[in-house]
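Notes for the structure review
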Amino acid sequence: MFVAPSFLVEKWSCTYLPFRPRLSARLAGLQVLQLVNETTAAAAAYAHDREGRKRVLVLDVGGGGGSVAIAEVEDNEVSVLFHSGLRLPGGNTLDRIMVEHLVEAAEQQAGGTREPSDRDREILRSQWDKAKPKLSRVPQAALGAYLPDLKLDFRMDVNRAEFEAQCDVVFEKIVSEVNHVLLNAKAQQLDDVVLVGGSTRLPLLRDLVQRALGVRALCKALNPDEAVAVGAALLAAGDVTIRQEVASFDTKVCETYAGAAVHCEIPLGATLPAVWPAAQFAWKELQVCVQFSLHSPPGLQRSGIGLQGGATQCKSPILFT
């Protein structure tokens, strides 16, 4: 069972992806039984041994990015209702913003005559990595290190309010996408909210999500760092099953025959597996297979994730999972 962010889960045999889950597993000598979105795996962890039907929103904000999904769980089964379809900023984005803030402070302390070198930047990044978890527990953290290329004994106190002010645009984007998913999924009522990923430990983010959704409390039954792994293990063991999944982005399948393009589209939110009759494609006489290609929507390309490639389908109904 291989888990990946929803914006990286490949459809069929893609020839270009910055991260190819199936190829990575194959190179490691592992057999991939199923590709699962991180939000779906987290919903599986939530569904395990839970009584009654629950509608839950899963917000995943990890280091490299995140996504939002809404799912219904009942009797150890997960039915995904809607995916965000947009790559959210993650912890790495917050880190870049704060490191630049520290760089500016170091320049000012050095008199503004020189910029920190790459080595000095890495030292500042290391100091921020140590201070970041402290700000989730206490309102202020002290940073201090010698920057050799600037010849500066750097000292600075960073408080939580300063961090939140520097990164407010990131937090607003995440909350905006949560509201967008609720609107498109037409989810009138949520029974619970599950936060997944280390960045969801940030007090301001938790508070903003709680206020945006109008819930009194967030789910505390799952460890944000372990929920995805636990859900994948439960799915692999068969203790929890996926009853319904949906497409996490728009996908177009094209086939060219005699200079004419024949295509079908899998829209965002389409229920998977999705079946298109093979008759929709142009078949030659006695032809048994057809080559077709996949193209990602402009939104994914703007996010820096180009999805394109091809695959072969034999003459039978075409199944997308």
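The structure this text deals with has already been given above.
Residues numbered from 1 in each chain as written. Predicted model: local features only at pLDDT ≥ 70, side-chain atom pairs only at ≥ 80, totals over all residues. Heavy atoms only, no water.

1. Let's talk about the overall build of the chain
How we decide: Elements are defined by DSSP. Helices are runs of H or I of four residues or more, strands are runs of E of two residues or more, and each kind is numbered from the N terminus. Note on exposure labels: buried denotes an accessible area under 20% of the residue type's maximum, exposed denotes more than 50%, and partly exposed covers the range between, all computed with a 1.4 Å probe on protein chains only. Note on contacts: a residue pair is in contact if any heavy atoms of the two residues lie within 4.5 Å. Method for areas: the Shrake-Rupley scheme with a 1.4 Å probe, in which residue coverage is limited to the protein chains shown.
In terms of helices and strands, the chain carries nine helices and 17 strands. When each of the 321 residues of the chain is scored for burial, the buried share is 46%. The contacts of the chain with a sequence gap of at least 6 include a subset with a gap of at least 24, amounting to 65%. Of the roughly 16,000 Å² of accessible surface on the chain, 49% is carried by carbon and sulfur atoms.

2. Looking at the packing of aromatic side chains
In plain terms, the rule: Working definition: rings of Phe, Tyr and Trp (its six-membered ring) pair if their centres are within 6.5 Å, and the pair is stacked with planes under 30 degrees apart, edge-to-face with planes over 60 apart, and tilted otherwise.
Applying the stated criterion across every chain yields a total of two aromatic pairs. Judged by centre distance (5.5 Å) and plane angle (45°), the rings of Trp128 and Phe163 are tilted. Taken as a pair, Trp128 in helix α4 (residues 118–135) and Phe163 in helix α5 (residues 160–166) lie far apart in primary sequence, 35 residues in all. Classification of Trp128 by relative accessible area gives buried; the value is 0%. With a relative accessible area of 5%, Phe163 lands in the buried category. These aromatic residues form a ring-pair network of at least three members: Trp128, Phe163 and Phe171.

3. Observations concerning the nonpolar core
Convention followed: Definition used in this section: a nonpolar core is a set of buried Ala, Val, Leu, Ile, Met, Phe, Trp, Tyr and Cys residues joined via side-chain atoms within 4.5 Å.
Within the largest apolar cluster, 44 residues are counted, with the highest numbers of intra-cluster contacts made by Leu57, Leu59, Phe163, Val193 and Leu213. In this structure Phe163 touches Leu94, Met98, Trp128, Leu135, Phe171 and Leu202, once residues within four positions along its chain are discounted. Val56, Val78, Val80 and Val228 belong to the second-largest nonpolar core, a separate cluster that totals 24 residues.

4. Some remarks on the sheet that holds strand β4 (residues 54–61)
Whenever strands of a sheet pair, they do so through backbone hydrogen bonds, lying parallel or antiparallel. The condition that has to hold: Between any two strands, at least two bridges found by DSSP are needed for them to pair. Lines fitted to the C-alpha atoms define the axes, with helices restricted to the stretch that makes contact. Angles between their N-to-C directions range from 0 to 180 degrees.
On the basis of which strands lie adjacent, the open sheet formed by six strands has the order β9-β4-β5-β6-β10-β13 and mixed pairing. A single partner strand is all that each edge strand has here, and the edge strands are β9 (192–196) and β13 (271–272). Sheet topology places strand β5 (residues 66–74) next to strand β6 (residues 77–83); six bridges connect them, and they run antiparallel. Bridge pairing in β6 links Ala69 to His83. The strands that helix α6 (residues 168–185) touches are β4, β5 and β6; relative to β5, the one it contacts most, it runs at about 40°.

5. Some remarks on α6
Rule in force here: One less than the residue count of a helix, multiplied by 1.5 Å, gives the span that helix is expected to have. The arc in question is traced by the directions running from the helix axis to the C-beta atoms.
For α6, which comprises 18 residues, the first-to-last C-alpha distance of 26 Å matches the rise-based estimate of 26 Å (1.5 Å per residue) to within 8%. Listed as buried for α6 are Val170, Phe171, Ile174, Val175, Glu177, Val178, Val181 and Leu182. Seen end-on, α6 carries its buried residues on one side only, within an arc spanning 150°. More than 90 degrees from the buried face of α6, the exposed residues found are Val169, Glu172 and Leu183.

6. Remarks on the packing of helix α3 (residues 91–109) against α4
The relative placement of two packed helices is expressed as an angle between their axes plus a distance between the axes. Filter applied, for reference: Orientation is classified from the angle alone, with under 35 degrees giving roughly parallel, over 145 giving roughly antiparallel, 65 to 115 giving roughly perpendicular, and any other angle giving oblique. Here a crossing is taken to be left-handed if its near helix is turned anticlockwise relative to the far helix by less than a right angle, and right-handed if that turn runs clockwise. Under the scheme applied here, ten amino acids are nonpolar (Ala, Val, Leu, Ile, Met, Phe, Trp, Tyr, Cys and Pro), four are charged (Asp, Glu, Lys and Arg), and all others, including Gly, are polar.
Axis separation between α3 and α4 bottoms out at 9 Å; the angle between their running directions is 120°. Classified by the angle their axes make, α3 and α4 are oblique. With respect to the hand of their crossing, α3 and α4 are arranged in right-handed fashion. Packed against α3, whose contacting residues are Asp95, Met98, Val99, Glu100, Leu102, Val103 and Ala106, the element α4 presents Arg121, Leu124, Arg125, Trp128, Asp129 and Lys132 at the interface. Split by residue class, the contact of α3 with α4 holds seven nonpolar, no polar and six charged.

7. A closer look at the pairing of β6
With respect to burial, β6 is a largely interior element, five of its seven residues being buried. Between β5 and β6, which follow one another and run antiparallel, lie two residues, and Asp75 among them has a positive phi close to 50°. Taken together, the three bridges between β6 and strand β10 (residues 241–246) define a ladder with parallel strand orientation. Directly across from Ser79, in β10, lies its bridge partner Gln244.

8. Concerning the side chain of Gln127
Formally: For the purposes of these results, a polar contact is taken to be a pair of N or O atoms within 3.5 Å, where, inside protein, one atom must be able to donate a hydrogen and its partner to accept one; residues adjacent in sequence count only when each atom of the pair is a side-chain atom.
Secondary-structure assignment places Gln127 in helix α4. Look at Gln127 and you get buried, because its relative accessible area is 13%. At a separation of 3.3 Å, a polar atom in the side chain of Gln127 contacts the main-chain amide nitrogen of Gly144. Apart from the residues within four sequence positions on either side, Gln127 is in contact with Leu143, Gly144 and Ala145.

9. Observations concerning the packing of helix α2 (residues 38–47) against helix α8 (residues 227–237)
Interaxial distance between α2 and α8 falls to 7 Å at its minimum, and their mutual angle equals 75°. With respect to each other, α2 and α8 are oriented roughly perpendicular. Here α2 contributes Glu38, Ala41, Ala42, Ala44 and Ala45 to the contact with α8, which in turn contributes Ala227, Val228, Val230, Gly231, Ala232, Leu234 and Leu235. Looking at side-chain class alone, the contact of α2 with α8 contains ten nonpolar, one polar and one charged residues.

So yeah, pure geometry; function would need other evidence.
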